[in-house]
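Residue-level structure breakdown
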Amino acid sequence: NGRAINLLTEAVERDEDFAEAWAALAAAWLTYPTYTETVTLTRAVDEALLAADRAIRLDPTLAEPRLVMATVAQRRGDWLMSERVYQEALVADPDSTTVMLWFAGHHRELGMMSKAIGLTNSALAIEPNSPPTLTEAAMNDFQIGEIERSRKALDYLWFDLGLETPIVWGGRWFHMRNA
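Report on the accompanying structure. These numbers come from a predicted model, not from an experiment.

1. Let's talk about the overall build of the chain
Secondary structure summary: the chain contains ten helices and zero strands in total. For 179 residues, the compact-globule estimate of 2.2 N^0.38 gives 16 Å, and the C-alpha radius of gyration of the chain, at 18 Å, lies within 12% of that figure. Across its three principal axes, the chain shows a C-alpha extent of roughly 50 × 35 × 30 Å. Residue burial in the chain is summarised as follows: out of 179 residues, 44% are buried.

Structure representation (structure tokens):
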């Protein structure tokens, strides 16, 4: 992330109106503390929000910087703000399965399963074979008690597709723990 931040900073210094670079810079700053102890969480969040705000002011149609803002709102416990920002992201890019899935996860965390499932189904209609979408559907199934359907979907992702990703591993762990 440090290298990405350096390169993206160089890009926005060369072209201050490069909205997509500002959006990518926001995402890089937000995740930076995960990979290093050289930057404080407060600084990373501040830099991420500044870059996200700049990206949106340059191009209001971008959804990605809004995902950064929604994540910060969630981390701060401001679920209403997060909801509002996700709504804005869907307006900005109504066909973004990434926005739909993140918003579905937001609703799942709040126990609002009908909304989570509705957004996941919208994403499935666009990308029916997308591993992130299939994973979200499996996690929703697990949450509503459709344990066997969830297990089969996660096993398909893990064994058949070979996607040994952390989220699939986490879902399979929940199944083993609750078996």
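2. As for helix 8 (residues 131-143)
The terminal C-alpha atoms of helix 8, which comprises 13 residues, lie 18 Å apart, in line with the 18 Å expected from a rise of 1.5 Å per residue. Three or more residues of helix 8 are buried, namely T133, T135, E136, A137, A138, M139, N140, D141 and F142. Residues of helix 8 that are buried sit in contact with helix 6 (97-109), helix 7 (113-126), helix 9 (147-160) and helix 10 (166-177).

3. Comments concerning the nonpolar core
Ranked by internal contacts, the top residues of the largest apolar core, which has 23 residues, are I5, W22, L25, W29, L30 and V68. At the level of secondary structure, the elements contributing two or more residues to this core comprise helix 1 (2-14), helix 2 (19-35), helix 3 (41-58) and helix 4 (64-75). It is helix 2 that contributes the most residues to this core, ten residues altogether. Setting aside chain neighbours within four positions, we find I5 in contact with L25, A28, W29 and Y32. Core analysis: the next-biggest nonpolar cluster, separate from the first, contains 14 residues, L67, V85, A89 and A104 among them.

4. With respect to the packing of aromatic side chains
For any pair of aromatic rings, the description rests on two quantities: the centre-to-centre distance and the angle between the ring planes. Across all of its chains, the model carries two aromatic pairs by this definition. Taking the centre distance of 5.0 Å and the plane angle of 20 degrees together, the rings of Y86 and F103 count as stacked. Remark: F103 occurs in helix 6 and Y86 occurs in helix 5 (residues 79-92); sequence separation between them is 17 residues. Both residues of the pair, Y86 and F103, belong to the buried class.

5. Points about a negative patch on the surface
Together, E13, D15, E16 and D17 make up a region of like negative charge exposed at the surface. Mapped onto the elements of the fold, E13 is located in helix 1. Look at E13 and you get exposed, because its relative accessible area is 59%.

6. Quick word on the pattern of salt bridges
Applying the stated criterion across every chain, the model contains nine salt bridges. Residue R43 is joined to E47 by a salt bridge in which the shortest nitrogen-to-oxygen separation is 3.7 Å. Within this pair, R43 and its partner E47 are both found in helix 3, separated by four residues, close to a single helical turn. Classification of E47 by relative accessible area gives partly exposed; the value is 28%.

7. Here's the deal with the environment of A19
Note on placement: A19 falls in helix 2. Each residue touching A19, except ones within four places of it in the same chain, is listed here: A55, L58, D59 and L62.

8. Let's talk about the layout of surface pockets
What the largest pocket holds in volume is close to 390 Å³. Around the largest pocket sit 21 residues that line it, and L101, W102, P132, E136 and I167 are the ones nearest its centre. Looking at the lining of the largest pocket, the elements with two or more residues in it are helix 5, helix 6, helix 8 and helix 10. Ranked by the residues each element gives to the lining of the largest pocket, the list is headed by helix 6, at eight residues. Looking at the second largest pocket, its volume works out to about 270 Å³. Around the second largest pocket sit 13 residues that line it, and L30, L67, V68, T71 and W102 are the ones nearest its centre. Within the residue set of the lining of the second largest pocket, elements represented by two or more residues are helix 2 and helix 4. The element best represented in the lining of the second largest pocket is helix 4, accounting for seven residues.

Cut-offs applied
- Residues numbered from 1 in each chain as written.
- Predicted model: local features only at pLDDT ≥ 70, side-chain atom pairs only at ≥ 80, totals over all residues.
- Heavy atoms only, no water.
- Helix = DSSP H or I, 4+ residues; strand = E, 2+ residues; numbered from the N terminus.
- Rg over C-alpha atoms; globule rule 2.2 N^0.38 Å.
- Buried < 20%, exposed > 50% of the residue type's maximum accessible area, 1.4 Å probe, protein only.
- Expected span 1.5 Å × (residues − 1).
- Contact = heavy atoms within 4.5 Å.
- Core = buried A, V, L, I, M, F, W, Y, C linked by side-chain atoms within 4.5 Å.
- Phe/Tyr/Trp six-rings, centres within 6.5 Å; stacked < 30°, edge-to-face > 60°.
- Patch = residues over 30% accessible without salt bridge, like charges linked within 9 Å, V, L, I, M, F, W, Y side chains within 5 Å.
- Areas by Shrake-Rupley, 256 points an atom, 1.4 Å probe, with all protein chains shown as cover.
- Salt bridge = Lys/Arg side-chain N within 4 Å of Asp/Glu carboxyl O.
- Lys, Arg positive; Asp, Glu negative; His and termini not counted.
- Charge placed at Lys NZ, Arg CZ, Asp CG, Glu CD.
- 1 Å grid on protein atoms, 1.4 Å probe; cavity = no way out; pocket = protein on both sides within 12 Å on 5 of 7 lines; lining within 4 Å.
- Points joined across faces, edges and corners; volume = space filled by probe spheres on them.

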